[in-house]
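Coordinate inspection notes
Below are the chains, spelled out letter by letter.
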Amino acid sequence: MSTITPTQEQDVVQRVPKGLFIGGEWRDATGGATLAVEDPSTGEALCEVADATVEDASAALDAACAAQAEWAATAPRERGEILRRAWERLVERQDELALLMTLEMGKPVAESRAEIAYAGEFLRWFAEEAVRIEGRWATAPNGGMRMLTMRQPVGPCLLITPWNFPMAMGTRKIGPAVAAGCTMVVKPAKQTPLSMLALAQILEEAGLPGGVLNVFTSRSASKTTGPLIDDPRLRKLSFTGSTEVGRQLMGQASKNLLRVSMELGGNAPFLVFEDADLDAAVEGAMVAKMRNIGEACTAANRFHVHASVADEFARRLAERMGALKSGRGSEDGVEVGPLIDDDQRGKVRELVEDALERGARRLTDGAESDGRGYFYPPTVLTDVPQDARMLREEIFGPVAPIAAFADEDEAIAAANRTEFGLVAYVFTQSLDRAIRVIEQLETGMVGLNQGLVSNAAAPFGGVKQSGFGREGGAEGIDEYLSVKYAAIKA
Ligand code: NAP
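These notes cover the structure that comes with them. (Residues numbered from 1 in each chain as written. Predicted model: local features only at pLDDT ≥ 70, side-chain atom pairs only at ≥ 80, totals over all residues. Heavy atoms only, no water.)

1. As for the overall build of the chain
When helices and strands are counted, the chain shows 15 helices and 20 strands. Scaling as 2.2 N^0.38, a compact globule of 490 residues should have a C-alpha radius of gyration of about 23 Å, and the chain matches this with 23 Å. The dimensions of the chain, computed from C-alpha atoms along their principal axes, are 70 × 65 × 40 Å. Residue burial in the chain is summarised as follows: out of 490 residues, 57% are buried. Counted over contacts in the chain with a minimum sequence separation of 6, partners at least 24 positions apart contribute 73%. For the chain, the accessible area works out to roughly 19,300 Å², and carbon and sulfur atoms hold 49% of it. (Helix = DSSP H or I, 4+ residues; strand = E, 2+ residues; numbered from the N terminus. Rg over C-alpha atoms; globule rule 2.2 N^0.38 Å. Buried < 20%, exposed > 50% of the residue type's maximum accessible area, 1.4 Å probe, protein only. Contact = heavy atoms within 4.5 Å. Areas by Shrake-Rupley, 256 points an atom, 1.4 Å probe, with all protein chains shown as cover.)

Below is the structure:
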C-alpha cells in the first residue's frame, strides 16, 4: 500500500457500522450510550461505538435462539456458500480492513493484511467443512441392532474474543459455528470492536440470515455476558483471552453445564540446540517474538539456548530487534507498532525492570520514547535468571529474555516449567532429537525449525492452563457439534 493519508484513515473508520447487530438489524444501544475506540499510536479517540446494556445482550440471545431451528435445517451447501462469499469479500476489501485494524489495534498495516488473510482462511476452510459433517452406521457386536451416529449443531453459542487478533479470533469461532448450523452472539474486546463490526457487515452482505450472527459491543463485559451464560437457552461458550478470565468463565459456565472451549494464555519456550541452523533460529525468533508486536498467545516468551551458541544467538537477535523501525502502523516502513494501552506497556516495563534487578543484562538500546502512544522498544535481555518473573508470566510485548542451558534434559525441564502449555518452538537439525523433544513437550502445538504454527487447516489449541478445545483443522467444527446415537431394532 502506498502512503496512507489522514482522509483515507477517516474514511475506513467512517464506513464501519457503529451500532449493535441484532436479529439482522443495526441499531443503537438502549438508552443510546456509546464507548470510545482509541488509536493506541496516539491515545486519541477514533470514534464511538454502541455500549450495549444487559437488555441489548439479552435481545441478541433472543435473536440467536429464534433463528436456531431454521438455521440448523438450512442446507450445508448453502451455509458453506455464505462463508465462501464472505471470504471473497474479505479478500476484496483486504486493504481497507487492514488499515481499520491497524488504527484500532496498532500493528503495522502489513501485519494487519496478513491477519485479514489468515482470518479469511477460516471462512474458506469451514465453507469446505460444512458439507463434510458425517455420521456412522454400524451393526452392534451381537447383531441385535443397528447403531446410527449423527452430529448435530450444539445450538446457540456465546463467542467472546480478545483485542490482539481482532478479526482472526472471530472467524476461527464464527466459521465453524456457521458451518455446523449454530447461531451465535459475539462479544469482541472493547479496545478493538471495529474489525468485528466490519466482519458482521461482510457476513450480512454475504447473505447470512438475520439472527444467525449477533454482535454487541460493550464496556461492561461481565455485566452483559453474565446473564447470557446463566440463561438455560445458551448451549455453548467459546472464549479466547486470558487464563484468569477463562477460569472465571468456566466457573460461571458450570451452572448450566455449558459446552466450553477455552483458548487461553501462553508462555511459549523457544529452544535452540547446539546443532541448530543459527540463521534459521534467528529468523524464526524474529517471527515468533515480533509477530503482532509480541502481543500473541503464541509469542516466544522465553528463549532457552544451548550455552555453546547462546552468546552468538543473543548478539544476532539483539542486532535484528534493535534495528526494527517503530512507529504508527499506518506509516511507511514501520515494523513495530505501539502496545494496546498504557496498562500493557506498564506491565512489560515492570517485567523488564524485575529481570534487570535480578541480574539480567540488556543487549538493546532500550530507551522508551516520551512521545504519544504506547510504544515500548524491542528489547533483548540475556543471562536472565530462573527466578525472573518474565520466565513465568506472559510478557505480551517486544521483549526477548534469553537463558542458557547445558543439555537436552535441562532444556526440556525448563520448557515445561510453566503452568501454560500452548506452543513451543524447537530448533535442531537432528531428526532423532526433534522427535524426542516434541514428544516430551507439554504443549498443544510445536513449531519445528520455524517460528509460526498458525494455519486454518491445523488444530490450534493448548493443554494445561492454556485451555482446551481446538480451533481450525478438521477438529475445529467438532466444538460446535453434538453426537447423537440412535439404537435401531433390526
Ligand atoms: P481478557 O482480558 O481475558 O479479555 C478477553 C475477552 O474477554 C474480551 O472480550 C473481554 O472484554 C472479555 N472479558 C474480560 N473479562 C470478562 C468477564 N469477567 N466476563 C466476560 N468477558 C470478559 O484478554 P485480553 O487481554 O483481551 O487478551 C489477551 C489474552 O488472550 C492473553 O492472555 C493471550 O494469551 C490470550 N489469547 C489466547 C489465544 C489462544 O488462542 N490461546 C489467542 C489470542 C489471545 P473487554 O475487552 O470488554 O474487557
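2. Considerations on unusual backbone geometry
The residue Asp-383 is not glycine, and still its phi comes out positive at about 50°. In this fold, Asp-383 is placed in the loop between strand 15 (379-382) and helix 13 (389-392). Look at Asp-383 and you get partly exposed, because its relative accessible area is 43%. Phi at Asn-449 is positive, roughly 55°, even though this residue is not glycine. Mapped onto the elements of the fold, Asn-449 is located in the loop between strand 18 (445-448) and strand 19 (467-468).

3. Topic: the packing of helix 1 (residues 6-15) against helix 4 (residues 94-105)
Following both chains from N to C, one finds helix 1 and helix 4 inclined at 95°, their axes separated by 9 Å at the closest point. As far as their axial angle goes, helix 4 and helix 1 are roughly perpendicular. For the pair helix 1 and helix 4, the contacting residues are Gln-8, Glu-9, Val-12, Val-13 and Arg-15 in the first and Glu-96, Leu-99, Leu-100 and Leu-103 in the second. Class assignment of the residues belonging to the contact of helix 1 with helix 4 gives a composition of five nonpolar, one polar and three charged. (Axes fitted to C-alpha atoms, helices over the stretch in contact; angles between N-to-C directions. Parallel < 35°, antiparallel > 145°, perpendicular 65-115°, else oblique. Nonpolar A, V, L, I, M, F, W, Y, C, P; charged D, E, K, R; others polar.)

4. Thoughts on the sheet that holds strand 15
Spatial strand order, 14-15-16-13-12-17-18: seven strands in an open sheet with mixed pairing. Across the chains shown, the open sheet's two edge strands, defined by having one partner strand only, are strand 14 (361-362) and strand 18. Bridging between strand 12 (residues 268-272) and strand 17 (residues 423-427) involves three bridges; their strand directions are parallel. Across the sheet, the residue bridging to Phe-270 is Tyr-425, located in strand 17. Set on the sheet, helix 11 (residues 307-322) makes contact with strand 12, strand 13 (300-306), strand 15 and strand 16 (399-405); between it and strand 13 the angle comes to about 140°. (Pairing = 2+ DSSP bridges.)

5. Concerning the packing of aromatic side chains
The way to describe two aromatic rings as a pair is by their centre distance and the angle between their planes. This model, assessed by the stated rule, comprises nine aromatic pairs. Aromatic side chains Phe-273 and Phe-405 sit 5.3 Å apart centroid to centroid with 65° between the ring planes, which places their arrangement in the edge-to-face category. Here Phe-273, found in the loop between strand 12 and helix 10 (278-290), pairs with Phe-405, found in strand 16; they are 132 residues apart in sequence, far enough to count as distant. An aromatic cluster of three or more residues is present, and its members are Phe-270, Phe-303, Phe-313, Tyr-425 and Phe-427. Here the guanidinium or amino end of Arg-172 rests over the ring plane of Phe-460, the centre of that ring lying 4.0 Å away. Between Lys-236 and the ring centre of Tyr-480, over which it is positioned, the NZ or CZ distance is 5.0 Å. (Phe/Tyr/Trp six-rings, centres within 6.5 Å; stacked < 30°, edge-to-face > 60°. Lys NZ or Arg CZ within 6 Å of the ring centre and 35° of its normal.)

6. Some words on the pattern of salt bridges
If you walk through the whole model with that rule in mind, you get 36 salt bridges. Of the charged contacts, one joins Glu-350 and Arg-389 as a salt bridge, the two residues approaching to 3.1 Å between their closest N and O atoms. Placement of Glu-350 in helix 12 (residues 342-357) and of Arg-389 in helix 13 is noted, with a sequence separation of 39 residues between them. If you follow the salt bridges from partner to partner, you end up with Arg-15, Arg-89, Arg-93, Glu-96 and Glu-205 in one network. (Salt bridge = Lys/Arg side-chain N within 4 Å of Asp/Glu carboxyl O.)

7. Concerning the side chain of Ser-261
Within the element layout of this structure, Ser-261 appears in strand 11 (residues 259-263). Overall, the relative accessible area of 2% leaves Ser-261 in the buried class. In terms of polar contacts, Ser-261 uses its side chain to reach the side chain of Lys-236, at 2.5 Å. (Polar contact = N/O pair within 3.5 Å; in protein donor to acceptor, adjacent residues only side chain to side chain.)

8. Concerning the sheet that holds strand 20 (residues 481-489)
Strand order in the open sheet formed by three strands is 5-6-20, and the pairing between neighbours is antiparallel. At either margin of the open sheet sits one strand with a lone partner, and together these are strand 5 (136-139) and strand 20. The sheet shows a mean angle of 20° between the axes of neighbouring strands, direction not considered.

9. What about the pairing of strand 4 (residues 44-50)?
Bridging between strand 3 (residues 34-39) and strand 4 involves six bridges; their strand directions are antiparallel. Residue Glu-38 lies in a different strand from strand 4, and its bridge partner there is Ala-45. Where strand 3 hands over to strand 4, the hairpin turn is made up of four residues, of which Gly-43 adopts a positive phi near 80°.

10. Focus on the site of the ligand
Contacts to the ligand come from 32 residues, most closely from Thr-161, Arg-172, Ser-242, Leu-264 and Glu-394. At a separation of 2.6 Å, an oxygen atom of the ligand approaches a polar side-chain atom of Ser-242. For the ligand, the accessible surface in isolation is 900 Å², of which the surrounding protein chains cover 89%. Of the residues contributing to the shell around the ligand, the split by class is 15 nonpolar, twelve polar and five charged. (Near = heavy atom within 4 Å.)

11. So, the packing of helix 14 (residues 408-416) against helix 15 (residues 431-440)
The N-to-C vectors of helix 14 and helix 15 enclose an angle of 30°; their axes lie 10 Å apart at closest approach. Overall, the two elements helix 14 and helix 15 adopt an arrangement that is roughly parallel. When the axes of helix 14 and helix 15 are compared, the crossing they make is right-handed. Across the interface between the two elements, Glu-408, Ile-412 and Asn-416 of helix 14 pack against Arg-433, Arg-436, Val-437 and Gln-440 of helix 15. Partitioning the contact of helix 14 with helix 15 into residue classes produces two nonpolar, two polar and three charged. (Left-handed = near helix turned anticlockwise from the far one by under 90°.)

12. As for the pairing of strand 6 (residues 145-153)
Sheet topology note: the strand 5/strand 6 ladder contains four bridges and is antiparallel. Looking at strand 6, one finds that Thr-139 is bridged to Arg-146. Hairpin connection, strand 5 to strand 6: the antiparallel pair is bridged by five residues, and Gly-143 has positive phi, about 75°. Pairing between strand 6 and strand 20: nine bridges, direction antiparallel. Paired with Gln-152 across the two strands is Ser-482, which belongs to strand 20.

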